[in-house]
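This is what each chain is made of:
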Amino acid sequence: MRFPKLSRSLRQFTTHVLALALGVLLAVSTLQVLPSQAEPAPTITAGDTSNLIAQRQSPATAAIGSSSFVTAAVNRVGSAVVRIDTERTITRRVDPFMEDPFFRRFFGDGFSQQMPSEQLRGLGSGFIIDKSGLVMTNAHVVDKADKVTVRLKDGRTFEGKVQGIDEVTDLAVVKINAGNDLPVAPLGSSTNVQVGDWAIAVGNPLGFDNTVTLGIVSTLKRSSAQVGISDKRLDFIQTDAAINPGNSGGPLLNGQGEVIGINTAIRPDAMGIGFAIPIDKAKAIAAQLQRDGKVAHPYLGVQMLTLTPDLAKLNNTDPNSPIQIPEINGVFVMRVVPNSPAASAGIRRGDVILQVDGKAITSAEQLQNVVEDSRLGQVLQVKVQRGNKTEQLSVRTAELQNAS
């Protein structure tokens, strides 16, 4: 009677053992099959670690590389970047005392004519834009210079002749005679530049030739008024690439080694902020300077301020304010230049410019750009708010150089 029970117990025990063994076998088989369902690992031969390195490389390392794009960009442009040395002779102002007849009786008429002269020297940068020897730089680098010397990276020096200067955009073109095989800097497009793009400044800061600094594009369309240069008409590229005195006129490059701007403005109170003229603007100005030696800029003749309702309200709530301003968006006329197009058209101080040729105007920078893009002698229809009334005025633009 006990043997059958023992037999059944043995059979049950054997069944559990077989089931457990089968489960373990299936689990092991599954673990062996899973790797075959994934992509095969790369086969690395002896001495070939490039694939392994690429897999371990972080995005930042991939972007920067090992001496990567900066070296390539500078090698592409470096030989076309030049140093510009200038000299200017000035004579000290004659002391009125020396013009006194009593004084001249004792020292003679020739004494006042022997006043010592002083030589001012300047330093800047530039870059070659044409194999014939055309160099682009800033106007303030070569303005009023008696002598301009252009030094190439290979050490050759040439006398430069200023072909044209435009003070309004701070651009100039200089010509050197050095044959027709000069290196040329590739010009890119500032239209495609975006905030965060690489920015490489090349030039001769503080007299240290062939210096390269790296940063990014911090912002775009920074107006000259915001920068604190009210006598210019520019929307700058702002960068944190180090720009110092001597960099003026040198190129600002993108990551491909193309010129996207011309380094120009340095605020003395700025910490790691520099500005560059967009290359698309510079191309157009350079073409006119080569052709005509100057650039004609239309103007209206008003000193203006961007007006907002909040700003107007702040003025109107001041009991000492001499004028009440409409609480609207527009451009407030602070001053009208005598004998200017604006004065001739009847624009008055205190007017608020609302529209030009039917287009709403909401900032001083916008109005300046509209005028800059117009033609000399073009009649602009200007709508202004004057007190509680609106006026429609016709203003014929004139050349800015005649504004004096």
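So, here is what we can say about the structure in this document.

A few points about the pairing of strand β4 (residues 147-151)
Reasoning step 1: The two faces of β4 differ: V148 and V150 on one face are buried, but K147, T149 and R151 on the other face are not.
Reasoning step 2: The sheet contact formed by strand β1 (residues 81-91) and β4 spans five bridges and is antiparallel. Residue E87 lies in a different strand from β4, and its bridge partner there is K147.
Reasoning step 3: Note that β4 and strand β5 (residues 157-166) share four bridges and pair antiparallel. The residue bridging R151 from the neighbouring strand is T157, located in β5.
Reasoning step 4: Linking two consecutive strands that pair antiparallel, namely β4 and β5, is a turn of five residues; a positive phi of about 100° is found at G155 within it.

With respect to the sheet that holds strand β8 (residues 211-223)
Reasoning step 1: Taking strand neighbours around the barrel as the criterion, the six strands line up as β7-β8-β9-β12-β11-β10 in a closed arrangement whose pairing is antiparallel. Across the sheet, the mean angle separating the axes of adjacent strands is 45° when strand polarity is ignored.
Reasoning step 2: Bridge count for strand β10 (residues 251-253) against strand β11 (residues 259-265) is three bridges, and the pairing is antiparallel. Counterpart to L252 in the pairing with β11 is G261.
Reasoning step 3: In the packing of helix α4 (residues 68-77) onto the sheet, the strands contacted are β7 (198-203), β8 and β10, and the crossing angle to β7 comes to about 45°.

Comments concerning the nonpolar core
Reasoning step 1: Ranked by internal contacts, the top residues of the largest apolar core, which has 45 residues, are I84, F127, V150 and I262.
Reasoning step 2: Ignoring anything within four residues of it in the chain, the contact list for I84 reads G122, L123, G124, S125, G126, V135, T137, V141, V142, V148, T149 and V150.
Reasoning step 3: Within the second largest apolar cluster, 18 residues are counted, among which are A345, L367, L393 and V395.

Here we look at unusual backbone geometry
Peptide bonds are, in most cases, trans, and in most cases residues other than glycine have a negative phi.
Reasoning step 1: At L206, a position not held by glycine, the phi torsion is positive, near 55°.
Reasoning step 2: We note that D357 has phi near 55°; this positive angle belongs to a residue other than glycine.
Reasoning step 3: If you trace the backbone, D357 turns up in the loop between β16 (352-356) and β17 (359-360).
Reasoning step 4: Classification of D357 by relative accessible area gives partly exposed; the value is 44%.

Some thoughts on the environment of I229
Reasoning step 1: Here I229 is to be found in the loop between α7 (224-227) and β9 (235-239).
Reasoning step 2: Residue class for I229 comes out partly exposed when judged on its relative accessible area of 22%.
Reasoning step 3: Separated by 38 residues in the primary sequence, I229 and R267 place their C-alpha atoms 9.5 Å from one another.
Reasoning step 4: Among all residues touching I229, those that are not within four sequence positions of it are S224, F236 and A265.

Here's the deal with the pattern of salt bridges
Any two side chains of opposite charge can pair, given that their charged atoms come close.
Reasoning step 1: Applying the stated criterion across every chain, the model contains 10 salt bridges.
Reasoning step 2: Notably, a salt bridge pairs K283 with D280, separated by 3.9 Å at the nearest N-O pair. Within this pair, K283 and its partner D280 are both found in helix α8 (residues 279-292), separated by three residues, close to a single helical turn.
Reasoning step 3: Residue classification places D280 among the partly exposed positions, given a relative accessible area of 26%.
Reasoning step 4: Across the pair D292 and R291 runs a salt bridge, and its minimum N-O distance is 3.4 Å.
Reasoning step 5: Exposure remark for D292: the relative accessible area of 48% places this residue in the partly exposed category.
Reasoning step 6: For R291, a relative accessible area of 56% puts it in the exposed group.
Reasoning step 7: Taken together, the shared-partner salt bridges in this structure form one network comprising R83, D85, R151 and D209.

Rules used in this analysis
- The residue numbers shown here count from 1 along each chain, following its written sequence.
- Restriction of local features to residues with pLDDT of at least 70 applies here, the model being predicted, together with a cutoff of 80 or more for giving and counting side-chain atom pairs; totals for whole chains, interfaces and linings are based on all residues.
- Processing note: side-chain calculations cover all non-hydrogen atoms of the structure and skip hydrogens and water entirely.
- Each residue gets one of three labels from its accessible area relative to the maximum for its type: buried under 20%, exposed over 50%, partly exposed in between, using a 1.4 Å probe on protein chains only.
- A helix here means a DSSP run of H or I that spans at least four residues, while a strand means a run of E at least two residues long, and both kinds are numbered starting from the N terminus.
- Whether two strands pair comes down to DSSP finding at least two bridges between them.
- Each axis is a line fitted through C-alpha atoms, taken for helices only over the stretch in contact, and angles between the N-to-C directions span 0 to 180 degrees.
- Two residues form a contact once any of their heavy atoms are found within 4.5 Å.
- Put simply, buried Ala, Val, Leu, Ile, Met, Phe, Trp, Tyr and Cys residues joined by side-chain atoms within 4.5 Å make one nonpolar core.
- We define a salt bridge as a contact between a side-chain nitrogen of Lys or Arg and a carboxyl oxygen of Asp or Glu at a distance within 4 Å.

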